[in-house]
Amino acid sequence: MPHLRIEVSAELAAALDWKQLAHDIHLDLAAAKWAALDDLKTRVLVCADALAGQDHGAQQLVATLIITNPRPPDMQRAMTERVMAHLEGAVRALQPVHWVQCCVFMQATRRDDYAKWQWNAPVSPSP
């Protein structure tokens, strides 16, 4: 159940193709066998207001990768770095004129510490 929650400044949010970026991240994490493709979820939350230091033009892109299945620390770090590489590449391609701060947090959450409910969930095809 890896979930990627991305909080992003409005100007930067409008400039990026989030569906494609999330799709690429999902494919990459699944190809590395760190998560099943259908288990990956990404949400992008656009910040109504943001300020970095005193720079009113600065943009922020803060991602939190939440995992519930135990993974070794080196795998967690590799997952974090892979997500960062995608986000960094997307920002570099824009060549923004303002300061952009981009970071990825890893949040390992025990299965006992969350509840999940689904309505009309997709059914996986039989092999």
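To start, this report covers the structure provided alongside it. None of the values given here were measured: they were computed from a predicted structure.

As for the nonpolar core
Item 1. Residues Ile6, Trp18, Leu61, Val83 and Leu87 are the most contacted members of the largest nonpolar core, which totals 25 residues.
Item 2. For this core, the secondary-structure elements that each account for two or more residues are strand E1 (3–9), helix H1 (10–15), helix H2 (18–31), strand E3 (59–67), helix H3 (73–94) and strand E4 (100–108).
Item 3. Sequence-distant contacts of Leu61, defined by excluding residues within four places in its chain, comprise Ile6, Glu7, Val8, Leu12, Leu16, Trp18, Leu87, Val91, Gln101, Cys102 and Cys103.

Some thoughts on H2
It helps to recall that an α-helix has 3.6 residues per turn; residues three or four apart then point in one direction.
Item 1. Given a rise of 1.5 Å per residue, 14 residues ought to cover 20 Å, and the 20 Å separating the end C-alpha atoms of H2 matches this to within 8%.
Item 2. Within the span of H2, buried status applies to Trp18, Leu21, Ala22, Ile25, His26, Asp28, Leu29 and Ala30.
Item 3. Where the residues of H2 are buried, they touch E1, H1, strand E2 (41–47), E3 and H3.

A few points about the sheet that holds E1
Item 1. Pairing in this open sheet of 4 strands is mixed, and the strands run E2-E1-E3-E4 from one edge to the other. Whereas interior strands pair on both sides, the edge strands pair on one side only; in this sheet they are E2 and E4. Strand-to-strand twist in this sheet, taken as the mean axis angle between neighbours without regard to direction, amounts to 15°.
Item 2. Sheet analysis places E1 next to E2, joined by 7 bridges and oriented parallel. Across the sheet, the residue bridging to Val8 is Val46, located in E2.
Item 3. Sheet contacts for H2: E1, E2 and E3; angle to E2, the most-contacted strand, approximately 145°.

Rules used in this analysis
Residues numbered from 1 in each chain as written. Predicted model: local features only at pLDDT ≥ 70, side-chain atom pairs only at ≥ 80, totals over all residues. Heavy atoms only, no water. Core = buried A, V, L, I, M, F, W, Y, C linked by side-chain atoms within 4.5 Å. Buried < 20%, exposed > 50% of the residue type's maximum accessible area, 1.4 Å probe, protein only. Helix = DSSP H or I, 4+ residues; strand = E, 2+ residues; numbered from the N terminus. Contact = heavy atoms within 4.5 Å. Expected span 1.5 Å × (residues − 1). Pairing = 2+ DSSP bridges. Axes fitted to C-alpha atoms, helices over the stretch in contact; angles between N-to-C directions.

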